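In case you want the letters, here they are:
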Amino acid sequence: MHHDGSGLPYQPNPRYAAVGGAVARGWPAALAELPERVRVVALDGPWALDWDGVRAALAAARPGLALLDVRPHLAPWAEIEARTEAGALAHDPHFAALSQATLADFFTALPAVRPGEELTVVYGPGAALVEHDALWYADLPKRYAEAAIAAGTGTNLGQRPSDGPGGTRRLFYIDWPILDRHRDSLADRIDRWIDLQDPDAPASLDGAALRATAAGLARRPFRTRPTFNTTPWGGQWGRRELGFNPEGPNTALGYELIAPESGVLIGGRPGAGTGAGEGGGEGEGSEDSGPQIELPFQLLVALHPELVLGETVHEMFGTSFPIRFDYLDTVDGGNLSVHCHPQPDYMKEVFGWPYTQHETYYLMSGSEQNTVFLGLRDDADVSEFHHRAHAADAEGTPFPIERFVQTFPATPHQLFLIPGGTPHGSGAGNVVLEVSATPYLYSLRFYDWLRRDARNRQRAVHVEHAFRNLDTERTGDAVARDLVQSPRILRKGEGWREEVLGRLPEMFFVVHRLAVDAQATAPDRTDGRFHVVNVVEGDGVLVRTEAGVEHRVGYAETLVVPAAVGRYTVTGLGARESRVVKAFVK
């Protein structure tokens, strides 16, 4: 490992102060702040919430409250499926086209509300579609919905338990895009944001403070809350090096920054940990550190796209934050599947995403004996590869993938470029920092080593999707020449240098690396487009904006530097050189 435990400790719960108000705890506190004139509150939120529990808690907090559930007004499940499943992927077992439906499409009719003497709360997904005087949004981060579906206790949007079990396919490609667009459309008029991760003591923030907090974050560097997921190939680095202890057996996928799922923690007791200067800091937190809420990162982008993304990036990508940082941990684990991601036209026309899943692998930890799979061999027989992949899937027949796909040494701190259509995968024993385009649910597997899943079924591969997207031009020596580039010094000063690690014409983002000696300071600036940075080696750095906001960043931590920050500096901490990977839209 390239980290010996010195320097800044990894912060699993970075958080920031609320601006313009404090985070409140409990339903009574939220109800007490309602203006007298309000007769109807719409309480909207995701399907995964325990809405029956919400109803009971509200009734207990304010006896006599009139409560109206919108869920009985949803269309029958067969009708919902017919309205939301269409096109070439309607019967695909693994993928669906990204849904363009709206939440209104799920209802036969909306309930009519007749305000009475007592306050009425209309609740459930889509409650905001009903006429109301005040709008509340109750939230639960997406990881809860995914866990419930995986456990067999969750259903999909609009699905009753009697309609059968829920599935991640609909959750990822249909439910989440619809619910995200609905939530983002409400962002500028939400009167109270309620975090229901602790249903007995929900934490909430009024709408004005919510928007003031978002505006503050959009002008300063900040981190999102990291999470780790487990997989059959996962390793132990996240647990050993960073202190993550997931419920599962490994720390395979480390989501440092994945815009559709990441959240930002607000409240608690900011400044208790590494410190982040004025406007809120970070802290490990404790039980007595006060209530906190988790705001979806995507909500901040929806509220302030030009401040976060920059004007040019906003024009290119709308409110989609286009870069993600995550870890692939195979230390004491297994090989990843060998897979590719969609070519741009296929991504747009079949899957419905306007831009594709170009990736890069940065080797935070590896060795010359370990492997990265990348690109076709120049003597690869693609038709035989296709036949072998199908035989492995259908009959469980193993085959040597190295006959078709090249392997490279997993050299520490090497960057591998992976444009859409390029077969690739990390071998066992590595830690990859994946610096990539944001789409992250389209790994088209050629071969997965006949691996079994948690239910002892052979893991799914997607042979036809994979071969339809395979780039047969990127083969042989061209792979090493184009996709395994050597660092090129871009600029340097006393005690620091910035290098270009990887750049391709077809990839919209570029990856640089800043090396900063201990106590040396490198100047930088966003030039009107956001940066994402990660400390890949050393004791950490101090990022300081021209406005005087400071943020410490330790080993393996990822920091968003919004476009609005402008000029900033990076100072090396500790007693040795720190290296920082930086990505941005070209």
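The rules behind the values
Residues numbered from 1 in each chain as written. Predicted model: local features only at pLDDT ≥ 70, side-chain atom pairs only at ≥ 80, totals over all residues. Heavy atoms only, no water. Helix = DSSP H or I, 4+ residues; strand = E, 2+ residues; numbered from the N terminus. Rg over C-alpha atoms; globule rule 2.2 N^0.38 Å. Buried < 20%, exposed > 50% of the residue type's maximum accessible area, 1.4 Å probe, protein only. Contact = heavy atoms within 4.5 Å. Lys, Arg positive; Asp, Glu negative; His and termini not counted. Charge placed at Lys NZ, Arg CZ, Asp CG, Glu CD. Pairing = 2+ DSSP bridges. Axes fitted to C-alpha atoms, helices over the stretch in contact; angles between N-to-C directions. 1 Å grid on protein atoms, 1.4 Å probe; cavity = no way out; pocket = protein on both sides within 12 Å on 5 of 7 lines; lining within 4 Å. Points joined across faces, edges and corners; volume = space filled by probe spheres on them. Nonpolar A, V, L, I, M, F, W, Y, C, P; charged D, E, K, R; others polar. Parallel < 35°, antiparallel > 145°, perpendicular 65-115°, else oblique. Left-handed = near helix turned anticlockwise from the far one by under 90°. Salt bridge = Lys/Arg side-chain N within 4 Å of Asp/Glu carboxyl O. Arc of directions from axis to C-beta.

Draft legend 1. Region of the structure containing the overall build of the chain. Each helix and strand counted, the chain has 14 helices and 31 strands in total. On C-alpha atoms alone, the chain measures out to a radius of gyration of 24 Å, which is about the 25 Å that the 2.2 N^0.38 rule sets for 586 residues. The principal-axis extents of the C-alpha atoms in the chain amount to approximately 80 × 60 × 40 Å. Split into buried and exposed, the 586 residues of the chain put 58% on the buried side. By sequence separation, contacts in the chain at least 24 residues apart represent 79% of the contacts at least 6 residues apart. Here the chain holds 55 positive side-chain charges and 76 negative ones, and the gap between their average locations is 1 Å.

Draft legend 2. Broad picture of the sheet that holds strand S9 (residues 227-229). Reading across the sheet, the six strands line up as S9-S10-S13-S20-S15-S18 and stay open at both edges, with antiparallel pairing between neighbours. The open sheet has two free edges, formed respectively by S9 and strand S18 (415-418), since each of these has just one partner strand. Direction aside, the axes of adjacent strands within the sheet are offset by 25 degrees on average.

Draft legend 3. Broad picture of empty space enclosed by the protein. By the definition in use, this model includes two cavities of 30 Å³ or more. Forming the boundary of the largest cavity are Ala-389, Ala-392, Asp-393, Phe-446, Tyr-447, Asp-448, Leu-450, Gln-458, Arg-459 and Val-461. For the lining of the largest cavity, the secondary structure elements donating two or more residues are helix H12 (382-395) and strand S21 (444-447). Split into classes, the residues belonging to the lining of the largest cavity amount to six nonpolar, one polar and three charged. Size it by volume and the second largest cavity reaches roughly 30 Å³. In this structure, the second largest cavity is lined by Leu-514, Asp-524, Val-533, Tyr-568, Val-570, Val-580 and Lys-582. Those elements that place two or more of their residues in the lining of the second largest cavity are strand S30 (567-572) and strand S31 (578-585).

Draft legend 4. Main features of the packing of helix H4 (residues 142-151) against helix H5 (residues 168-186). Between H4 and H5, whose axes approach to 11 Å, the crossing angle comes to 150 degrees. The angle between H4 and H5 falls in the class roughly antiparallel. Regarding H4 and H5, the two cross each other, and that crossing is right-handed. Residues Lys-142, Ala-145, Glu-146 and Ile-149 of H4 touch H5, and the partners they reach there are Thr-168, Leu-171, Phe-172, Trp-176 and Asp-180.

Draft legend 5. Highlighting the pairing of strand S25 (residues 521-525). By the alternation rule, side chains of S25 split into Ala-522 and Asp-524, which are all buried, and Thr-521, Pro-523 and Arg-525, of which none is buried. Here five bridges tie S25 to S30, and the two strands are oriented antiparallel to one another. Bridge pairing links Asp-524 to Tyr-568 in S30.

Draft legend 6. Layout of the environment of Glu-537. Mapped onto the secondary structure, Glu-537 falls in strand S26 (residues 531-537). Glu-537 sits in the buried class, given a relative accessible area of 15%.

Draft legend 7. Structural view of the pattern of salt bridges. Applying the stated criterion across every chain, the model contains 37 salt bridges. Between Arg-143 and Glu-294 there is a salt bridge; the shortest N-O distance is 2.8 Å. Of this pair, Arg-143 sits in helix H4 while Glu-294 is found in strand S12 (residues 292-296), placing the two residues 151 residues apart along the sequence. Taking relative accessible area as the criterion, Arg-143 reaches 25% and is therefore assigned partly exposed.

Draft legend 8. Quick peek at H4. Every buried residue of H4 is listed here: Lys-142, Ala-145 and Ile-149. Along the long axis of H4, the arc covered by the buried residues comes to 60 degrees, so they all point the same way. Of the exposed residues in H4, those oriented more than 90 degrees away from the buried face are Ala-150 and Ala-151. On its buried face, H4 sits against H5. A positive backbone phi angle near 85 degrees is found at Gly-152, which sits one or two residues after H4.

Draft legend 9. Quick peek at the side chain of Gln-236. Note on placement: Gln-236 falls in the loop between S9 and helix H7 (237-242). For Gln-236, the residues in contact, after removing those within four places along its chain, are Pro-249, Asn-250, Thr-251, Asp-329, Val-331 and Asp-332.

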